[in-house]
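Architecture at a glance
Single-letter residue listing:
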Amino acid sequence: MNATSFEGAPDQGRDAEASAAPGRVVLLTTSHRVAPGLLSWPAWRALRDADRVLCADGAHPQLPYLREAGIAVEQGVPSAQELVDACAGGRTVVVVATGEGEPQLTDGLARLAGSGRVRMPELELLPASYDLPGSRLLDLVQVMDRIRAECPWSSRQTHKGLAKYGIEEAYELVEAIEAGDREELREELGDVLLQVVFHARIAEEDPDAPFSIDDVAGGIVAKLIHRHPHVFGDETATTPEEVKEHWLRTKAIEKRRTSVTEGVPLGQPGLALAAKLSSRVRSAGLVVPLPQGEGIGYELLALAVHAEAEGVDPEAALRAAARAYRDAVRAAEGLGPETAETEPEAGEPGPGAGGLGSEA
């Protein structure tokens, strides 16, 4: 498109003052995470009142909806000087920005304004749609789709093959929480979230019982609503104890379990397993004497049950003591506190696997 097509000479009937008015440029931005056509009222008003509407991208997802609403959109964006000229006479030009935000145009306008030799039109950045909370999760799903399709390593992974990474990332998350490192906590939460999205993406390909990340999210939403009748229903709960009572009651109805031991994963660490069983027994009001036997295992069982009854997580307590022991060992070796990251083990996925193992 040539330069003359963007010249915006004022109408013959306008007076001299109107002809000299510098006009207005509106840079309209939209979020690709919001359905096209869902624009704010100020955006629609600016589009309807504009003398011209321009867009460089002929395939911009907003264009069909703008044209359906009767907005004439010209394809192409002028240079900065051409846009200033097009606004002469008090005209308003709306530029529907592409995903990159038209950096070449905005840089050119900034240079003209900085020169001091050009009377600049009023410049306005108008967000037409905003990201909703959680919208970046849509980006994660899209990125995971592409990685699954195009990455030689990720495209071959299975639920079973990824299982160990889920365990590793959960432990790293716990470590970040216990260390109080906020930046590390944010990163480890992301790595755990990746495990969920990755497994859900793999599950879509199952020939017999496929499900998607939307099914996963829908299931947990329904569960949370059902187990919080004091929030979403007519029940009342004013204390954490009452909330727990609601949770356990609705969970028991859902699961229809015949034993309090059902649903307790036996593969978890021993102290955590003992504490979980103790918690289930205590919550159910059962009186179950501890089994008697010889050996350290029975002693550890008794300690774990005692810790749980006192409100202490035996796994966390032992980890804290183990870290103190590690520091004592390093001090005996003449070393300071451990800060260096562990080197990746041989055979683990290299760069690009991101967040799938302890080396990520």
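Note that the structure is a prediction, hence the values are computed from the model and not measured. (Residues numbered from 1 in each chain as written. Predicted model: local features only at pLDDT ≥ 70, side-chain atom pairs only at ≥ 80, totals over all residues. Heavy atoms only, no water.)

So, empty space enclosed by the protein
As enumerated under the stated definition, the model contains one cavity of 30 Å³ or more in all. If you list the elements that add at least two residues to the lining of the largest cavity, you get helix H6 (136–150) and helix H8 (182–203). Its residues placed into classes, the lining of the largest cavity shows five nonpolar, no polar and three charged. (1 Å grid on protein atoms, 1.4 Å probe; cavity = no way out; pocket = protein on both sides within 12 Å on 5 of 7 lines; lining within 4 Å. Points joined across faces, edges and corners; volume = space filled by probe spheres on them. Helix = DSSP H or I, 4+ residues; strand = E, 2+ residues; numbered from the N terminus. Nonpolar A, V, L, I, M, F, W, Y, C, P; charged D, E, K, R; others polar.)

Topic: the packing of aromatic side chains
Within the structure shown, the criterion is met by one aromatic pair. Their ring planes at 65 degrees and their centres at 6.3 Å tell us that Trp153 and Tyr165 sit as a pair that is edge-to-face. Separated by twelve residues along the polypeptide, Trp153 in the loop between H6 and helix H7 (159–179) and Tyr165 in helix H7 bring together distant segments of the chain. A relative accessible area of 26% places Trp153 in the partly exposed class. A relative accessible area of 4% places Tyr165 in the buried class. (Phe/Tyr/Trp six-rings, centres within 6.5 Å; stacked < 30°, edge-to-face > 60°. Buried < 20%, exposed > 50% of the residue type's maximum accessible area, 1.4 Å probe, protein only.)

Considerations on the environment of His246
Mapping His246 onto the fold places it in helix H11 (residues 240–255). Measuring from C-alpha to C-alpha, the distance between His246 and His230 comes to 8.1 Å, with 16 residues separating the pair along the chain. In this structure, His246 is in contact with Pro229, His230, Glu235, Thr236 and Ala237, ignoring residues within four places of it in sequence. (Contact = heavy atoms within 4.5 Å.)

Digging into the sheet that holds strand S2 (residues 52–55)
The pairing of strands in a sheet comes from backbone hydrogen bonds and takes either a parallel or an antiparallel form. Taken together, five strands build an open sheet; the order of strands is S3-S2-S4-S1-S5 and the sheet is parallel. Across the chains shown, the open sheet's two edge strands, defined by having one partner strand only, are strand S3 (74–75) and strand S5 (122–127). The sheet contact formed by strand S1 (residues 24–29) and strand S4 (residues 92–96) spans five bridges and is parallel. Following the sheet pairing, Val26 is matched in S4 by Val94. (Pairing = 2+ DSSP bridges.)

What to know about the packing of helix H12 (residues 270–283) against helix H14 (residues 314–332)
In a packed pair of helices, the relevant descriptors are the angle between the two axes and the axis-to-axis distance. Interaxial distance between H12 and H14 falls to 8 Å at its minimum, and their mutual angle equals 150 degrees. On the basis of their axis angle, the class for H12 and H14 is roughly antiparallel. Across the interface between the two elements, Gly270, Leu271, Ala272 and Ala275 from H12 touch Pro314, Glu315 and Leu318 from H14. Split by residue class, the contact of H12 with H14 holds five nonpolar, one polar and one charged. (Axes fitted to C-alpha atoms, helices over the stretch in contact; angles between N-to-C directions. Parallel < 35°, antiparallel > 145°, perpendicular 65-115°, else oblique.)

So, the packing of H6 against H8
Here H6 crosses H8 at 55 degrees, and the two axes come no closer than 10 Å. Taken together, H6 and H8 sit at an angle that is classed as oblique. Considering only the axes of H6 and H8, their crossing is right-handed. Only Leu193, Leu194, Val197, Phe198, Arg201 and Ile202 of H8 make contact with H6, whose side of the interface consists of Leu137, Leu140, Val141, Met144, Asp145 and Arg148. When the residues that make up the contact of H6 with H8 are grouped by side-chain class, the tally is nine nonpolar, no polar and three charged. (Left-handed = near helix turned anticlockwise from the far one by under 90°.)

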